Amino acid sequence: MKLPILTTLTAALLSSTALADEIWVTNEKDDTISVIDIETLEVVRTIETGERPRGITFSKDFSVVYICASDSDSVQVMDPDTGEILHDLPSGEDPEQFVLAPDNRHLYIANEDDAITTVVDTVTRTVVAQIDVGIEPEGMAVSPDGKIAITTSETTNMAHWIDTETQQLFANTLVDSRPRHAEFVKDGTELWVSSEIGGTITVFDVATQTEKAKIEFEVANIHPDRVQPVGFEFTAGDTHAFVALGPSNHVAVVNSDSYEVEDYILVGRRVWHMDFNADRTQLFTTNGVSGDVTVVDVASRKAIKSIKVGRFPWGAAFRPTE
Amino acid sequence: MRKTSVACAVACAMGLGLGSAASAQVEVAVHYLKQVVEAPPTLSNLDPIPDDLGLRGAELGLEDNITTGRFLGQTYTLAVTEVAPDGDFAGAARAALAEGDLLVLDAPADMVTAVADLPEAAAALLFNAGAADVALRGDRCRANLLHTLPSYAMKADALMQFFVQRRWDDIALIAGDRPDDQAWADTLEASARKFKLSFGARKTWAFDADMRRNASQEVPLFTQDLGEYDVLLVADAADDFARYISFNTWRPRPVAGSEGLRPVTWHRVVEAWGAAQLQSRFEDLAERPMQDRDYATWAALRAIGEAVTRTGAADAGTLRGYMLSEDFELAGFKGRPLTFRSWNGQLRQPIPLVHERALVAQAPLEGFLHQRTELDTLGLDLPESGCTAFEN
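As the structure is a prediction and not an experimental result, all values here were calculated from the model.

Student: Can you lay out the nonpolar core for me, pointing to particular residues and giving the numbers?
Tutor: Across soluble globular proteins, nonpolar side chains show a tendency to be buried alongside one another. B:Leu103, B:Val104, B:Leu105, B:Leu126, B:Ile171 and B:Ile304 are the most contacted members of the largest nonpolar core, which has 119 residues in total. The greatest single-element share of this core, amounting to 10 residues, is contributed by helix α9 (residues 292–311) of chain B. In contact with B:Ile304, other than residues within four places in its own chain, are B:Val28, B:Val30, B:Leu102 and B:Leu319. Counting 79 residues, the second largest nonpolar core, distinct from the first, contains A:Trp24, A:Ile47, A:Val119 and A:Phe204.

Student: Explain α9(B) to me, using residue names and the numbers behind them.
Tutor: Residue and element names in this part refer to chain B. Over its 20 residues, α9 extends 28 Å from the first C-alpha to the last, a length consistent with the 28 Å expected when each residue adds 1.5 Å. Within α9, 18 of the 20 residues are buried, leaving the element largely enclosed by the surrounding structure. Just downstream of α9, Gly 312 is the residue with a positive phi angle, here 70 degrees.

Student: Quick rundown of the packing of helix α5 (residues 152–166) of chain B against helix α6 (residues 179–194) of chain B? Include the residues and the values.
Tutor: Residue and element names in this part refer to chain B. The geometry of α5 relative to α6 is characterised by a closest axis approach of 9 Å and an angle of 45 degrees between their N-to-C directions. Here α5 is positioned oblique relative to α6, judged by the angle of their axes. Where α5 crosses over α6, the handedness of that crossing is right-handed. Counted together, Tyr 152, Ala 153, Ala 156, Asp 157 and Met 160 of α5 and Ala 183, Trp 184, Thr 187, Leu 188, Ser 191 and Ala 192 of α6 form the full contact between these two elements. A breakdown of the residues in the contact of α5 with α6 according to their chemical character gives eight nonpolar, two polar and one charged.

Student: Explain the packing of helix α2 (residues 55–70) of chain B against helix α8 (residues 275–286) of chain B to me, using residue names and the numbers behind them.
Tutor: Residue and element names in this part refer to chain B. Two elements in contact, α2 and α8, have axes separated by 10 Å at closest approach and are oriented at 115 degrees. Put simply, α2 runs roughly perpendicular to α8. As for the relative orientation of α2 and α8, their crossing is right-handed in sense. Contacts between α2 and α8 involve Arg 56, Glu 59 and Leu 60 from the former and Arg 281, Phe 282, Leu 285 and Ala 286 from the latter.

Student: Describe in detail the environment of B:Phe89, supporting the description with residues and values.
Tutor: All names here are of chain B. Along the chain, Phe 89 falls in helix α3 (residues 89–99). Its 23 C-beta neighbours within 10 Å are what place Phe 89 among the buried residues. Through-space distance from the C-alpha of Phe 89 to that of Lys 34 is 8.2 Å; in sequence the pair is 55 residues apart. Ignoring anything within four residues of it in the chain, the contact list for Phe 89 reads Gln 35, Val 83, Ala 107 and Met 111.

Student: I'd love a proper account of the interface of chain B and chain A, names of residues and values included.
Tutor: Taken together, the contact between chain B and chain A spans 14 residues of the former and 20 residues of the latter. Elements with a minimum of two residues in the side of chain B that touches chain A: α2 and α8 of chain B. Here the element with the most residues in the side of chain B that touches chain A is α2(B); it accounts for three residues.

Student: Explain the pairing of strand β25 (residues 282–287) of chain A to me, and be specific about the residues and the numbers.
Tutor: All names here are of chain A. Buried residues dominate β25, accounting for six of its six residues. Along β25, one buried face is formed by Gln 282, Phe 284 and Thr 286 and the opposite face, lined by Leu 283, Thr 285 and Asn 287, is buried too. Note that strand β24 (residues 271–276) and β25 share four bridges and pair antiparallel. Looking at β25, one finds that Met 274 is bridged to Thr 285. Where β24 folds back on β25, the antiparallel hairpin that results is connected by five residues, among which Arg 280 adopts a positive phi of roughly 60 degrees. Pairing analysis gives six bridges linking β25 to strand β26 (residues 292–297), with the strands arranged antiparallel. Looking across to β26, one finds that Gln 282 is bridged to Asp 297. Turn length for the β25-β26 hairpin, with the two strands adjacent in sequence and antiparallel, is four residues, and the turn residue Gly 291 shows positive phi of about 65 degrees.

Student: Summarise the sheet that holds strand β12 (residues 351–355) of chain B; cite the residues concerned and give the values.
Tutor: Residue and element names in this part refer to chain B. Taken together, three strands build an open sheet; the order of strands is β11-β12-β13 and the sheet is antiparallel. The open sheet has two edge strands with one neighbour each: β11 (262–263) and β13 (358–363). Sheet topology note: the β11/β12 ladder contains two bridges and is antiparallel. Note that in β12 the partner of Pro 263 across the bridge is Leu 353. Strands β11, β12 and β13 of the sheet are contacted by α5, whose axis makes an angle of about 65 degrees with β12.

Student: Tell me about the sheet that holds strand β3 (residues 42–48) of chain A, residues and numbers included.
Tutor: Residues and elements named next belong to chain A. Strand order in the open sheet formed by four strands is β3-β2-β1-β28, and the pairing between neighbours is antiparallel. Each edge of the open sheet is held by one strand with a lone partner, namely β3 and β28 (313–319). The average undirected angle you get between the axes of adjacent strands in this sheet is 25 degrees. As paired elements, strand β1 (residues 22–27) and β28 share five bridges and run antiparallel to each other.

Student: Describe α6(B), naming the residues involved and giving the relevant values.
Tutor: Residues and elements named next belong to chain B. Here α6 spans 22 Å end to end across 16 residues, near enough to the 22 Å set by a 1.5 Å rise per residue. Along α6, the positions that sit buried rather than exposed are Asp 181, Trp 184, Ala 185, Thr 187, Leu 188, Ser 191 and Ala 192. Seen from one end, α6 has its buried residues packed into an arc of 160 degrees, which puts them on one side. In the core, the buried residues of α6 are packed alongside α5, β7 (170–176), β8 (198–205), β9 (231–235) and β10 (255–257). Within two residues after α6, Lys 196 carries a phi angle of roughly 60 degrees, on the positive side.

Student: Any details on the pairing of strand β6 (residues 74–79) of chain A? Residues and values, ideally.
Tutor: The side chains of a regular strand alternate between the sheet's two faces. Residues and elements named next belong to chain A. By the bridge criterion, five bridges tie strand β5 (residues 65–69) to β6 in an arrangement that is antiparallel. Bridge pairing in β6 links Cys 68 to Val 75. Linking β5 back to β6 in an antiparallel pair, the connection comprises four residues, with Asp 73 at a positive phi of about 55 degrees. Judged from the five bridges that link them, β6 and strand β7 (residues 84–89) form a sheet pairing that is antiparallel. What sits directly across from Asp 79, in β7, is Glu 84. The hairpin turn running from β6 into β7, its antiparallel successor, is four residues long, and Gly 83 in that turn takes a positive phi close to 75 degrees.

Analysis parameters
- Residues numbered from 1 in each chain as written.
- Chains lettered and ligands numbered in written order.
- Predicted model: local features only at pLDDT ≥ 70, side-chain atom pairs only at ≥ 80, totals over all residues.
- Core = buried A, V, L, I, M, F, W, Y, C linked by C-beta atoms within 7 Å.
- Buried ≥ 20, exposed ≤ 12 C-beta atoms within 10 Å, placed from the backbone.
- Helix = DSSP H or I, 4+ residues; strand = E, 2+ residues; numbered from the N terminus.
- Contact = placed C-beta atoms within 7 Å.
- Expected span 1.5 Å × (residues − 1).
- Axes fitted to C-alpha atoms, helices over the stretch in contact; angles between N-to-C directions.
- Parallel < 35°, antiparallel > 145°, perpendicular 65-115°, else oblique.
- Left-handed = near helix turned anticlockwise from the far one by under 90°.
- Nonpolar A, V, L, I, M, F, W, Y, C, P; charged D, E, K, R; others polar.
- Pairing = 2+ DSSP bridges.
- Arc of directions from axis to C-beta.

Here's what the structure looks like:
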């Protein structure tokens, strides 16, 4: 539905402002992306997307950006310079989250309404495989060697382990209620899965798919029911995880070796997802209810600014411009 | 008189599998029993009660369980029995108990307790998904009976929290003259007093005129002598006259209870906390929005599923023990984990306050505190429940 004039305008805007690195934020209820300039910490561009944009990720060379337009039932491929939608990928219904495999070619997409993980070849733009998983698949991860893909299913409460060679499940492991996000860490030896309603992160040993640790959270003066881990990301060297705790409005800082929580940082309301800047000294969290992004200084573990974006910001992705 | 679906044939055949929790293969048979109740005549038939109310929620819960069970070698079946208005509900329950010990009951309170008291039900696990009566969570509670439908008390408390927060301190009430209306009105009144709100006039609506013609003339007069109040409660359990009250009151005041701002178990306007996904799954299945009793039957099936997933067992005793333990929690799309009250078997849950077009608030509201969980500010708390069946 994009009018040509808008594209021209955004392109014109871009040429004058795109000097610094950026954080791209999807606004679930505005059907837009807000682009934050990391130098000025201001929104410098707003780009229209399909309906209900949620997951967002750049290709490894940052030449295109992939966007889950959930209610448009498509994954959109956008030119980040012009904001132009280049084409849609076949995604299955209601794509919510996805992950780009290390080969920079295969997208693993969670189809929330269909209990399916769809594997799409971004080059041929075809569906390579569809894998039956649990109900409401959401969290997606691929191991650094590309051999294992993970889907977490929110209602089935499992991490499903997919052999990317055969595109078959080879393990299903229970986690606490409503798993939302998954990440491989420490060179792919560990898998972390957050459980929103369970209030925990389960750490798996990847070689054996067994539970190695469980991380619990406790925010002062906030009832445990409201401490709901969702998205998380790791600092340089995977030494610490920053974990969004949803409606507790805090981000936890977890020591990745001891699995102890070291700090809680107050951010905006219902914090969802996040990404870092290039050297991981700054963290940008999306706060769904307050409609803003909190900038956290990683060294001091303090929130330094909140930036108004669109309605219900959801995903965040870093884009270098150098 | 009684119709038994094809699913029963499957479930009945698998009934023997119960109790084989030790093996990797777990077969879970649940029986949904519905007492068909003839609704009293109402002034408007704009919103007919779906024939499959409750049933569809159970079916969705079954589907959710089957998907999860597939990865764990656990199979689920649902048998369905609907008992005609003049049928023998207890007899149908007895037959169901002969096949398995997990029953979801969608019936009036008297029939629910009659089933719970059957000798055959002593070791069974029953879920009440159809009766909101407070007494079932109080002195008429039963140890083998859990409640996934919120009580009238939970709904009334949710409303009162909203009034307190908005400082709508003075309340008037109109109730229908049927027993259900009066029970709902009594609960609202008790709740208002509990929250220290000022409870003023209470009138009984006993007109038999057709309000589609006369509401604009009769309601102003009827409400003229209610005195000063901030909000008018309407207790109309059968959805008979309440829709004609809004905008016709003598004083321009908001209406709540059975009309206007309503406390519900579930409603199509509930969207947050992933609820949109549950709504769309339900609408794909039932081709209509999910309602209170659909949610209650869904929650019963899912509670069973969750307990089976975590324990690997399918027998009523193990499942009941787990559900009442601190380890149990159900993700119910209401923003926080749902758990069972250990003193009366009620499923704790937030109560959405809605009007037809949007969610207004979700109780418990901020500032209503409780030493155990804020959810226990809604409904019968431990000291007041009067239920002793769970003490052991």
